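Each chain, written out:
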Amino acid sequence: MKFYGELLVFVLLFITNLRVFFVHHVRRDPLVVLAPFTFIVAIFQILAWGIDAFTVLGLLIALFVLLSNFHAIFRYMERLYVDHYSALMKVWAVFTILISAVALAATIYFAPVESSKRNLKISKTQTYYKGSFRSGFEKAGPFDSKTMTFWEFGPEGIENKENPESKNTKELQNIIVLLSPDKRGDTENYIPYLEQLALSGVLVTSADFFADDARWLHSFADKKILRRLVMVIQSMINRQTFEAQREYYSYNVSQEYEVLIPLLQERYGADKKILLVTDFMADIAADDFAKKNPEQIAGVLKLSNIEEYKSAGYGCIEQTDPLLAMAQGLKRDKTLKTPKLLAEKTMEVLNDLK
């Protein structure tokens, strides 16, 4: 959905600026209303998906186009006659058309590799919660501030407690996989891996926390729209300093486990064992929690220890974020090589635990 929102913004910008070459001796210029509309759409894109290169670029261009069309918007609202647009306005329109066209091409070129949940024949659900680590979490209503998103992936029909046919799948349902995504990725950037596990008959869960007492950066950057971007930048600028804070990351992840493990037991039964899957940030916390709770935790799998996983800490960015993948020296990959590899490694561990 993020990709299609970006496409919409840049297409609207293209149309908004192109119109100035076709307006001659008209009573009103109705297409000018696209300028404020596009700016609003760009804002909603950031609120929904956070700040990244494309959402920021769309917002900036939309803002400049809105400001440059302010006089035209005023004339439209006052029902004033439009003879033609000035040469300066046309020069500006050419510039913004070119920028919008380049942005549109880049958006398409760096489009994520998408998969159809229906074609994959898996179930994928999100449950939203409100609250904090201090007060606890409970299911959020439609108008509540959502501070935790709980994800579930599994074979088709698992949401109705139906068991898939294969014996292997039935045995695997005794173990629940809980992914603790690195904050440089969040669950969104691990979805190709989670989908591959679900295809193998595994019930896999994950969660993203944005409670006000989950302090990772101790600044405004802890907000949902900024956190991932800031952490990615910090880790790329000074990886050594970023990785030196593992003990602190461990404390925060431990809080998440204290919420998630009881939640899993409540949803699926206390008899289920849990495989903790981590990707750098949660490594230490998972080891500590497993040692303290052997009756609940079946084992720990650290994705960052898999040598072939070249984007450790960032998720499956070769599919979900090709622009970041390029910055890491990787390429967009439609074959799902990395997600399939990670799923295979996970299945090996699960089969050993059966």
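Preceding this section is the structure that the text describes.
Residues numbered from 1 in each chain as written. Predicted model: local features only at pLDDT ≥ 70, side-chain atom pairs only at ≥ 80, totals over all residues. Heavy atoms only, no water.

Scanning the chain from terminus to terminus reveals 15 helices and 7 strands. Here the chain holds 354 residues, and 50% of them are scored as buried. Taking the contacts inside the chain whose residues are at least 6 apart along the sequence as the reference set, 75% of them involve residues at least 24 apart. (Helix = DSSP H or I, 4+ residues; strand = E, 2+ residues; numbered from the N terminus. Buried < 20%, exposed > 50% of the residue type's maximum accessible area, 1.4 Å probe, protein only. Contact = heavy atoms within 4.5 Å.)

This paragraph deals with the sheet that holds strand β7 (residues 297-302). Taken together, the 7 strands give an open sheet; going across it, the order is β2-β1-β3-β5-β4-β6-β7, and neighbouring strands pair in mixed fashion. What marks the edges here is a single partner per strand, and that holds for β2 (136-139) and β7. Direction aside, neighbouring strands of the sheet carry axes that sit 25 degrees apart on average. As paired elements, strand β4 (residues 175-180) and strand β5 (residues 204-209) share 3 bridges and run parallel to each other. Each bridged residue has a counterpart across the sheet, and for L179 the counterpart in β5 is S206. With respect to the sheet, helix α11 (residues 246-268) is in contact with β1 (122-132), β2, β3 (148-155), β4, β5, β6 (273-278) and β7, its orientation differing from that of β3 by roughly 50 degrees. Across the sheet, helix α12 (residues 283-292) lies against β6 and β7, angled at about 160 degrees from β7, the strand it touches most. (Pairing = 2+ DSSP bridges. Axes fitted to C-alpha atoms, helices over the stretch in contact; angles between N-to-C directions.)

Helix length check: helix α15 (residues 337-353) (17 residues) gives 25 Å between terminal C-alpha atoms against 24 Å at 1.5 Å per residue, within 8%. Buried residues of α15: T338, P339, L341, L342, A343, T346, M347 and L350, and no others. (Expected span 1.5 Å × (residues − 1).)

Two elements in contact, helix α3 (residues 53-68) and helix α5 (residues 87-109), have axes separated by 11 Å at closest approach and are oriented at 165 degrees. In terms of axis orientation, α3 runs roughly antiparallel to α5. Judged by the sense of rotation from one axis to the other, the crossing of α3 with α5 is left-handed. In this structure, α3 uses F54, L57, I61, F64, V65 and S68 to contact α5, whose residues at the interface are M89, W92, T96, I99, S100, A103, A106 and T107. For the contact of α3 with α5, the residue count by class is 10 nonpolar, 4 polar and no charged. (Parallel < 35°, antiparallel > 145°, perpendicular 65-115°, else oblique. Left-handed = near helix turned anticlockwise from the far one by under 90°. Nonpolar A, V, L, I, M, F, W, Y, C, P; charged D, E, K, R; others polar.)

Take the pattern of salt bridges next. As enumerated under the stated definition, the model contains 16 salt bridges in all. For D52, the salt bridge is made with K2, and the minimal N-O distance between the two is 2.6 Å. Of this pair, D52 sits in the loop between α2 (34-49) and α3 while K2 sits in helix α1 (residues 2-18), and the two are 50 residues apart along the sequence. Overall, the relative accessible area of 18% leaves D52 in the buried class. One salt bridge in this structure joins D212 and R134, with 3.4 Å as the shortest N-O distance. Taken together, the residues span a long stretch of sequence, with D212 in the loop between β5 and α9 (224-237) and R134 in the loop between β1 and β2 at a distance of 78 residues. Taking relative accessible area as the criterion, D212 reaches 51% and is therefore assigned exposed. The network of salt bridges with shared partners includes K2, E6 and D52. (Salt bridge = Lys/Arg side-chain N within 4 Å of Asp/Glu carboxyl O.)

This paragraph deals with the side chain of D321. With respect to the helices and strands, D321 occurs in the loop between α13 (317-320) and α14 (322-327). Of note is the side chain of D321, whose polar atom sits 3.1 Å from the side chain of R228. Setting aside residues up to four positions removed in sequence, D321 forms contacts with N189 and R228. (Polar contact = N/O pair within 3.5 Å; in protein donor to acceptor, adjacent residues only side chain to side chain.)

Attention now moves to the packing of aromatic side chains. Within the structure shown, the criterion is met by 11 aromatic pairs. With centroids separated by 4.9 Å and ring planes inclined at 90 degrees, the aromatic side chains of Y109 and F110 adopt a geometry described as edge-to-face. A relative accessible area of 15% places F110 in the buried class. Measuring from ring centre to ring centre gives 5.5 Å for Y257 and F289, while their planes differ by 45 degrees; the resulting arrangement is tilted. With a gap of 32 residues between them, Y257 in helix α11 and F289 in helix α12 connect regions that are remote in the sequence. For the pair Y257 and F289, one class covers both residues: buried. Three or more aromatic residues joined by ring pairs make a cluster, and in this case those are F54, Y109 and F110. The side chain of K146 reaches across the aromatic face of Y128, ending 5.9 Å from its centre. The ring centre of Y314 lies 4.8 Å from the NZ or CZ of R184, which sits over that ring. (Phe/Tyr/Trp six-rings, centres within 6.5 Å; stacked < 30°, edge-to-face > 60°. Lys NZ or Arg CZ within 6 Å of the ring centre and 35° of its normal.)

Taken together, the side chains of V56, L60, L63, F64 and L67 define a hydrophobic patch exposed on the protein surface, amounting to about 420 Å² of accessible area. Mapped onto the elements, V56 comes out in helix α3. Of the residues examined, V56 reaches a relative accessible area of 31% and is grouped as partly exposed. (Patch = residues over 30% accessible without salt bridge, like charges linked within 9 Å, V, L, I, M, F, W, Y side chains within 5 Å. Areas by Shrake-Rupley, 256 points an atom, 1.4 Å probe, with all protein chains shown as cover.)

Moving on, we get to the packing of helix α8 (residues 191-199) against α15. Running from N to C, α8 and α15 cross one another at 50 degrees; their axes reach a closest spacing of 8 Å. When the axis of α8 is compared with that of α15, the two are oblique. Like other packed secondary-structure pairs, α8 and α15 cross with a definite hand, here right-handed. Each of P192, Y193, Q196 and L197 in α8 lies in contact with α15, whose residues at this interface are P339, K340, L342, A343, T346 and M347. For the contact of α8 with α15, a count of residues per class yields 7 nonpolar, 2 polar and 1 charged.

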